[in-house]
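Reading the structure
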Amino acid sequence: MDATTRNAIFEAATQSTYWQRLNIGLRTKVSHGGYTYTVDVPSGDDPAQALITYREGYGGTEFLSEVATWAQTMLIVDTAMGALRVH
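Reading guide: rules and limits
- For every chain, the first residue of its written sequence is number 1, and the numbers climb from 1 along that sequence.
- This being a predicted model, a pLDDT of at least 70 is required before a residue's local features are given, and a value of 80 or more before pairs of side-chain atoms are given or counted; all residues contribute to the totals for chains, interfaces and linings.
- Side-chain numbers come from the whole structure's heavy atoms, not from hydrogens or water.
- Put simply, DSSP marks the helices as runs of H or I at least four residues long and the strands as runs of E at least two long, and each gets a number from the N terminus on.
- Relative accessibility under 20% of the residue-type maximum defines a buried residue, over 50% an exposed one, and the middle range a partly exposed one, all with a 1.4 Å probe and only protein chains included.
- Contact criterion: two residues are considered in contact whenever any of their non-hydrogen atoms come within 4.5 Å of each other.
- Any Phe, Tyr or Trp ring, taking Trp's six-membered ring, that has another such ring centre within 6.5 Å forms a pair; planes under 30 degrees apart are called stacked, those over 60 apart edge-to-face, and the others tilted.
- By definition here, charges over rings are those cases where NZ of Lys or CZ of Arg is within 6 Å of the ring centre and within 35 degrees of the ring normal.
- Criterion used throughout: strands pair if DSSP finds at least two bridges between them.
- Each axis is a line fitted through C-alpha atoms, taken for helices only over the stretch in contact, and angles between the N-to-C directions span 0 to 180 degrees.
- Note on angle classes: values under 35 degrees are labelled roughly parallel, values over 145 roughly antiparallel, values of 65 to 115 roughly perpendicular, and the remainder oblique.
- Residue type decides the class: Asp, Glu, Lys and Arg count as charged, Ala, Val, Leu, Ile, Met, Phe, Trp, Tyr, Cys and Pro as nonpolar, and the leftover types, Gly among them, as polar.
- Here, expected helix span is obtained from the residue count minus one, scaled by 1.5 Å.
- As used here, the arc is the angular range of directions from the helix axis to the C-beta atoms.
- Any N or O atom pair separated by 3.5 Å or less is treated as a polar contact, with the protein-specific requirement of one donor-capable and one acceptor-capable atom, and with residues adjacent in sequence counted only for side-chain atom pairs.

Turning to the environment of Thr38, a few remarks are in order. Along the chain, Thr38 turns up in strand β3 (residues 35-42). Looking at Thr38, the relative accessible area reads 2%, which means it is buried. Sequence spacing of Thr38 and Thr17 is 21 residues, and the spatial spacing of their C-alpha atoms is 14 Å. Discounting residues that sit within four places of it in the chain, Thr38 has contacts with Arg27, Thr28, Lys29, Leu51, Ile52, Thr53, Tyr54 and Glu56.

Moving on to the packing of aromatic side chains. Going through the model one piece at a time under the given rule, you end up with two aromatic pairs. Geometrically, the ring pair formed by Tyr54 and Phe63 is edge-to-face, given 5.8 Å between the ring centres and 70° between the ring planes. Of the residues examined, Phe63 reaches a relative accessible area of 60% and is grouped as exposed. The residue whose ring lies beneath Arg55 is Tyr35, and the NZ or CZ to ring-centre distance is 4.1 Å.

The next thing to look at is the pairing of strand β5 (residues 60-67). Where strand β4 (residues 51-57) lies against β5, six bridges are found, and the strand directions are antiparallel. By the bridge assignment for β5, Tyr54 is matched with Phe63. Turn length for the β4-β5 hairpin, with the two strands adjacent in sequence and antiparallel, is two residues.

This part takes up the packing of helix α1 (residues 3-13) against helix α2 (residues 70-84). Think of two packed helices as two axes; the pair is described by the angle between the axes and how far apart they sit. Relative to each other, α1 and α2 sit at 30°, their axes nearing to 9 Å. Taken together, the axis directions place α1 and α2 in an arrangement best described as roughly parallel. Contacts between α1 and α2 pair Asn7, Phe10 and Ala13 from the former with Gln72, Ile76 and Thr79 from the latter. Across the contact of α1 with α2, the residue classes break down as three nonpolar, three polar and no charged.

What follows is about α2. Its 15 residues place the ends of α2 21 Å apart at the C-alpha level, agreeing with the 21 Å of an ideal helix rising 1.5 Å per residue. What α2 keeps buried is the set Gln72, Thr73, Ile76, Thr79, Ala80 and Leu84. Across the axial projection of α2, the buried residues extend over an arc of 130°, all falling on one side. Exposed residues on α2 whose side chains face more than 90 degrees from its buried face are Met74, Leu75 and Asp78.

With that settled, consider α1. Buried residues of α1: Thr5, Ile9, Phe10 and Ala13, and no others. One side of α1 holds all its buried residues, which, seen down the axis, span an arc of 130°. Buried residues in α1 make contact with β2 (25-32), β3, β4, β5 and α2. The opening residue of α1 is Asp2, an N-cap whose side-chain oxygen sits 3.1 Å from the backbone nitrogen of Thr4.

Rendered as C-alpha cells:
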C-alpha cells in the first residue's frame, strides 16, 4: 500500500464517529477508494500503534498490517475516546 493511501485511511479514522470496543482493543471501519478498511487500536499494557488490519471489497477480504505513526495513533485514539465517551 502506498503512503498516500495509508495516510488517507488513517486521516479518515480520525473523523470516524463509530468505534467498537473489542477484547483486542478499539476498531472502526472507513471507506476509501471503493474499499472498506478496518482500523484497529490494540489494547494491552504496552502502548501499540494503530494499524489497518483488513481491506474488504468486491473480490473479498485481504489481510493487511499497515502501521500508523505515533502522531497518527494519538489523533486516532483521541477520536475514538471522544466517540466512546458516555454523556
